[in-house]
Structure formats: C-alpha cells, structure tokens
Amino acid sequence: MKLKAGPGTAPRDLDPWAARGFRLRLDFNALLDGEAAFLRFAEALPDGTRQAIDFIEDPFPYDPAAWAKAQRESGLALAADRDAATASPDFIAVVKPALHDPAPILRRAPRAAFTSYLDHPLGVAWAAFCQAEACRDCPDRIMAGGLLSWHAYAPDDFSAALGFAGARFVPPAGPGLGFGHLLESLPWKPLT
C-alpha cells in the first residue's frame, strides 16, 4: 500500500496499517528537510512497522551520497521516482511509463516498481502493459507495481472497464490496451 507522507507524518501513524498486515511504501515527495530529518523519522519507527516497509520513495531531494548514507544507516530501502531515469542503481527505480521510457531505467536498476501516473485509465493500461513486458524480460528484478489508482477520480466509462481481482490488475477487454469501443466512440480531430 502506497501512503503519501510528509514532514508531519509520525511513525505511529503507520502502525495501524502495519498491524493489519499491509506492506507499506511511503512517498515523501522529497519533502523532508534532508538526510537528518529522514534518519530521525526512521529511528522512531517501531520494529513491526519497520518490517512492513518495502521502501521509502523520494524521502528528501535526491543526492546520491546523502541517499546512500540514509539507506545504509536506516536499513530501509530508498526508491527514486522523480529521478528514476538518472538515479544510482543503488536505489529502487519507480517507473512511470507516462513520464519515461522504462528500457534505459531497467538496464541500470537492479530493482524496479511500476506505477501509473494517476492518469487516465488508458495510461494505467499502458503502465500495466510495460510492467508485464518487464516481468517477462527480467522477472526477478520487478517488484509488485502500483496500478490500482483510477479510483482517485470520478468514475467514467473508461475506469469502469478496468478491474482488479484481489490486488491484481485486470485489464480492459479487447485487443491492444483495450477500450476499443470507447476509443472508437470519441470524436477525434486532427491536430494540424
């Protein structure tokens, strides 16, 4: 479960999720004030909650040396989202196919997690397709993704075509990325 976090997030806020057996991925959106603030947060984590954390995404602005030290001293895996295309392979890459080509990232990153960009359901389907290809090509390096994001918006015909079974994404019916009948029904105009 991905949780947005910030400077005001108290480690105890995570305890109920960890106690229910959720695996946690915290995204600070680089809002912590550096390595020291992150290490204070990490130090305050109860053991049970610490064990439930898969990784911490963008804890503070990317700095390879500071991130390496923070990862080593905290014992928690760090993941790069904003800098996934250029970050050191010492960190998990959060791959958003809507933003960057997964291929160069996967050539360098020893571990990667795919996620949607909280975009249109077509973008969610594209992220799922890219993750499936990556799982086919390097299954031991691809972590569970974060694709179940379309509920963040008001439902429409496109989001209704998506589904999930447990924690697994179920793509829309049809060839390619699906949505064929919905895409055909849209009024298309050339952009020339």
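Residues numbered from 1 in each chain as written. Predicted model: local features only at pLDDT ≥ 70, side-chain atom pairs only at ≥ 80, totals over all residues. Heavy atoms only, no water.

**Things to note about the nonpolar core**
Thinking step 1. Core analysis: the biggest nonpolar cluster contains 26 residues, and Leu 26, Phe 38 and Ile 56 have the highest contact counts within it.
Thinking step 2. Residue assignment for this core shows that the elements contributing at least two residues are strand E2 (24-27), helix H2 (34-43), strand E3 (53-57), helix H4 (64-74) and strand E4 (78-80).
Thinking step 3. Here this core takes five residues from H2, the largest share from any one element.
Thinking step 4. What Phe 38 contacts, discounting residues up to four positions off in sequence, is Leu 32, Ile 56, Pro 59, Phe 60, Ala 70, Ser 74, Leu 76 and Leu 78. (Core = buried A, V, L, I, M, F, W, Y, C linked by side-chain atoms within 4.5 Å. Buried < 20%, exposed > 50% of the residue type's maximum accessible area, 1.4 Å probe, protein only. Helix = DSSP H or I, 4+ residues; strand = E, 2+ residues; numbered from the N terminus. Contact = heavy atoms within 4.5 Å.)

**Considering the pattern of salt bridges**
Thinking step 1. Under the definition given, this model contains ten salt bridges.
Thinking step 2. The salt bridge involving Asp 54 is made with Arg 25; its shortest N-O contact spans 3.3 Å. A residue pair is termed long-range when its members are at least 10 positions apart, and Asp 54 in strand E3 and Arg 25 in strand E2 qualify at 29 residues.
Thinking step 3. A relative accessible area of 22% places Asp 54 in the partly exposed class.
Thinking step 4. Asp 58 serves as the salt-bridge partner of Arg 82, at 4.0 Å between the closest nitrogen and oxygen. Of this pair, Arg 82 sits in the loop between E4 and strand E5 (92-95) while Asp 58 sits in the loop between E3 and H4, placing them 24 residues apart in sequence.
Thinking step 5. Residue Asp 58 is classed as buried on the basis of its relative accessible area of 1%. (Salt bridge = Lys/Arg side-chain N within 4 Å of Asp/Glu carboxyl O.)

**Quick word on the packing of aromatic side chains**
Thinking step 1. Here the structure, examined in full by the defined rule, presents eleven aromatic pairs.
Thinking step 2. Centroid distance Phe 28 to Phe 41: 5.2 Å. Interplanar angle 80°. Geometry classified as edge-to-face. Of the two residues, Phe 28 sits in the loop between E2 and H2 while Phe 41 sits in helix H2, which places them 13 residues apart along the sequence.
Thinking step 3. You can call Phe 28 buried: its relative accessible area is 0%. (Phe/Tyr/Trp six-rings, centres within 6.5 Å; stacked < 30°, edge-to-face > 60°.)

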